[in-house]
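Now for the letters of each chain:
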Amino acid sequence: MISYPDYLRLLPKAELHCHLIAMMRPDMLLAFADRNDVALPSRDIDALIDSDNLQDFLALFVTANDVLRTQDDFAEVAYEGVKDAVRAGNLRYREYYVNSQNSSAYLSYPDFMDGIIAGLRRAEDEFGVGFRIVNAINRSLSPEAAVEMVREMIRHPRAEVVGIGQDHLTADGGEDPALWVDAYRLAAEHGLKRTAHVAETMPAEPDSVRVALDHLGVDRIDHGYRAVDDPDVLAYLVASGTHVACTPISTQVLSGWAPSPDHRIATLIREGVPVSFSTDDAVFFRTDLGREYVDGLIGMGFGPEVAKQISLAGIDGAWCDEATKARLRADFRAQHLVLDALLDTEVSSGEH
Ligand code: HPA
Ligand code: ZN
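This is a predicted model, so every value here is computed, not measured. (Residues numbered from 1 in each chain as written. Chains lettered and ligands numbered in written order. Predicted model: local features only at pLDDT ≥ 70, side-chain atom pairs only at ≥ 80, totals over all residues. Heavy atoms only, no water.)

**Focus on the pairing of strand E7 (residues 243–246)**
Inference 1: Because side chains alternate across E7, one face comprises the buried residues His 243 and Ala 245, and the other comprises Val 244 and Cys 246, equally buried.
Inference 2: You can see the chain leave strand E6 (residues 220–223), run along helix H10 (residues 231–240) and come back into E7, and the turn it takes is right-handed.
Inference 3: As paired elements, E7 and strand E8 (residues 275–277) share 3 bridges and run parallel to each other. Counted as the bridge partner of Val 244 is Val 275 from E8. (Buried < 20%, exposed > 50% of the residue type's maximum accessible area, 1.4 Å probe, protein only. Helix = DSSP H or I, 4+ residues; strand = E, 2+ residues; numbered from the N terminus. Right-handed = clockwise from strand over helix to strand, strands pointing away. Pairing = 2+ DSSP bridges.)

**A look at helix H4 (residues 54–67)**
Because each turn of an α-helix spans 3.6 residues, side chains separated by three or four positions in sequence point in the same direction.
Inference 1: With 14 residues, H4 should reach 20 Å at 1.5 Å per residue; the first-to-last C-alpha distance of 20 Å fits that figure.
Inference 2: Buried within H4 we find Leu 54, Phe 57, Leu 58, Leu 60, Phe 61, Thr 63, Ala 64, Asn 65 and Val 67.
Inference 3: Tucked inside the fold, the buried residues of H4 contact strand E1 (13–19), helix H2 (26–35), helix H3 (45–49), helix H5 (71–89), strand E4 (161–167) and helix H11 (248–255).
Inference 4: With a side-chain oxygen lying 3.1 Å from the backbone nitrogen of Gln 55, the N-terminal cap of H4 falls on Asn 53. (Expected span 1.5 Å × (residues − 1). Contact = heavy atoms within 4.5 Å. Polar contact = N/O pair within 3.5 Å; in protein donor to acceptor, adjacent residues only side chain to side chain.)

**Here we look at the site of ligand 1**
Inference 1: Neighbouring ligand 1 are His 19, Leu 54, Phe 57, Leu 58, Phe 61, Arg 139, Asp 167, His 168, His 197, Glu 200, Asp 280 and Asp 281.
Inference 2: With respect to ligand 1, the side chain of Arg 139 contributes an N or O atom lying 3.4 Å from a nitrogen atom.
Inference 3: Asp 280 has a polar side-chain atom sitting 2.8 Å from an oxygen atom of ligand 1.
Inference 4: Contact with the protein chains covers 100% of the free accessible surface of ligand 1, which is 260 Å².
Inference 5: Tallying contributions element by element places H4 first for the shell around ligand 1, with 4 residues. (Near = heavy atom within 4 Å. Areas by Shrake-Rupley, 256 points an atom, 1.4 Å probe, with all protein chains shown as cover.)

**What about the UniProt feature "domain: Adenosine deaminase" (unreviewed entry) in the chain?**
Inference 1: In the numbering adopted here, UniProt assigns the feature "domain: Adenosine deaminase" (unreviewed entry) to residues 12–329.
Inference 2: End-to-end, the C-alpha atoms of residues 12–329 are 10 Å apart, and along that stretch the chain is 49% helix and 15% strand. (UniProt positions renumbered as here; feature names shortened; annotations may be inferred.)

**A word on the pattern of salt bridges**
Inference 1: Overall, the coordinates contain 32 salt bridges when judged by the stated rule.
Inference 2: Linking Glu 76 and Arg 35 is a salt bridge whose minimum nitrogen-to-oxygen distance equals 3.5 Å. Here the residue Glu 76 occupies a position in helix H5, and Arg 35 occupies one in helix H2, the gap between them amounting to 41 residues.
Inference 3: The class of Arg 35 is partly exposed, set by a relative accessible area of 48%.
Inference 4: We note a salt bridge from Asp 182 to Arg 185, for which the minimum N-O separation is 3.3 Å. (Salt bridge = Lys/Arg side-chain N within 4 Å of Asp/Glu carboxyl O.)

**Focus: the coordination of the zinc ion (ligand 2)**
Inference 1: Protein coordination at the zinc ion (ligand 2): the donors are His 17 (NE2), His 19 (NE2), His 197 (NE2) and Asp 280 (OD), at 2.1 Å from the metal.
Inference 2: Residue class for His 197 comes out buried when judged on its relative accessible area of 4%. (Donors = N, O, S within 2.8 Å, 3.2 Å for Na, K, Ca; no water.)

**As for unusual backbone geometry**
Negative phi is the rule for most residues except glycine; trans is the rule for most peptide bonds.
Inference 1: The residue Asp 280 is not glycine, and still its phi comes out positive at about 70°.
Inference 2: Inspection of the secondary structure puts Asp 280 in the loop between E8 and helix H13 (289–300).
Inference 3: For Asp 280, a relative accessible area of 3% gives the class buried.

**A closer look at the sheet that holds strand E2 (residues 91–98)**
Inference 1: Spatially, the 8 strands line up as an open sheet ordered E1-E2-E3-E4-E5-E6-E7-E8, and their pairing is parallel. The open sheet has two free edges, formed respectively by E1 and E8, since each of these has just one partner strand. With strand direction ignored, the average angle separating the axes of adjacent strands in the sheet is 25°.
Inference 2: Where E1 lies against E2, 5 bridges are found, and the strand directions are parallel. Residue pairing across strands places Ala 14 opposite Tyr 93, the latter belonging to E2.
Inference 3: Sheet strands touched by H13: E1, E2 and E8. Its angle to E8, the strand with the most contacts, is close to 125°.
Inference 4: The strands touched by helix H15 (residues 322–342) are E1, E2 and strand E3 (130–138); relative to E2, the strand with the most contacts, the crossing angle is about 135°. (Axes fitted to C-alpha atoms, helices over the stretch in contact; angles between N-to-C directions.)

**Points about the confidence of the model for the chain**
Inference 1: Chain-level statistics for the chain give a pLDDT mean of 96 and a share of 98% at 70 or above.
Inference 2: The least confident element of the chain, judged by mean pLDDT, is helix H16 (residues 345–348) at 62; the most confident is E7 at 99. (pLDDT = per-residue confidence, 0-100.)

**Thoughts on the packing of aromatic side chains**
Inference 1: In total, this model carries 8 aromatic pairs according to the counting rule given.
Inference 2: Both rings, one in Phe 57 and one in Phe 61, keep their centres 5.8 Å apart while their planes meet at 40°; by these two values the pair is tilted. Linking Phe 57 with Phe 61, this pair stays in helix H4, spanning 4 residues, or about one helical turn.
Inference 3: A relative accessible area of 4% places Phe 57 in the buried class.
Inference 4: Measuring from centroid to centroid gives 6.5 Å for Phe 57 and Phe 284, while their planes differ by 55°, and the two rings are tilted. (Phe/Tyr/Trp six-rings, centres within 6.5 Å; stacked < 30°, edge-to-face > 60°.)

Right, here's the structure in full:
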C-alpha cells in the first residue's frame, strides 16, 4: 500500500510549462558564475533565491540567464534538470521554455539550440524522457526583436523546436499580449505552435486570455488564472477548449494563493478546462514536479481520478507527434493501473 502523497509523486507526468533556466540548482548557479566570471548580487543562496513577487523573481531570472555562456553550460543544465525531475516526480515528457534572445551576445541561435538539444537528447537516451523546445519571447524587449527571434527560428529549423511562448514582463511591468501580434502571425505562417503567458497575477487583466486567443491565435495558454474573475472570459476560455498549463506553487509564492478548493486553478478544473500542472521555475520557486501534484491536488481537494486526468492532460496539450502521444498514453495508463492497485483504498473513496 502507498499513501496518496506517494501516489501523486509516483504518477507519471508530462510537464508543459517549464523555464529551462530555472532548473539550475543553486550549487550549479554558483559554479557557473565562478566558471564564467560573472558577479552575483549575493552568494548567499537564500538571499539570491527568495522572492515573493514577480518583479523580484524576474531580477533573479535575469541573473540566472547571465551565468550561462556556452553550449556546454546549457547542455549541463538541461541534462541535470531532467535527472532531478525524474527523481522528484516521475517526469516522462517535458516541454522547455528557453530564450535565445537572452544569450545572443554569447551564442548564435543554432549553437544555443543545439547545446540544449544535446543535453536533452542525452537525458532522453538515459532516462527515456521525451521533450520538445519552445522559444520564449523576452517581453521586456521590443516587438521588432520578437519578430527577429521568430525569423531566426525559421532560418534555422530544428525538429525539436516546435513553437513560441513568452517569459519576463513588458518594460512597464505588464503583459500586454497585443504587442506580439506580428511575431505570432509570422510563427503561425511557418507552422510553429504558439502559447502565451497571460492573466497570471492580480495586476494582469482577465481579458488578456481573450486577446491571446483572438489576436495571438494561441494553441495553449500559460497561467490564465485571472480568467476565473470574469465570467464572460471564463466562458470564452471553456468554450475554446484551450489547454491551460498551470503552476500551483508559483501562484502561492508570487500571489499568496495557497492551494485550496476555491483556488482559481481548482475552478478551471471544475469548469472543464483542460489543465496540466507544471513547476514554471522549479528551483527559484523552491518546488519540484512531485510537489506541484502533492500540495496542489491535496490542497485543492482533488482525489486520484482528477490526478490521473491532470497527468493525461499533459499529453493531450503537448506539441509532439501523435505516435509519441499514443506511446506516452499507453505508458501512463499502465502506470496508473499499478498505482491504483497500490493505493490505500480509504483514499480512493475520498474522491471529490
Ligand atoms: N517565469 C519567467 N518569466 C515570467 C514568469 C515566470 O514564471 N512569469 C512572468 N514572466
Ligand atoms: Zn512561466
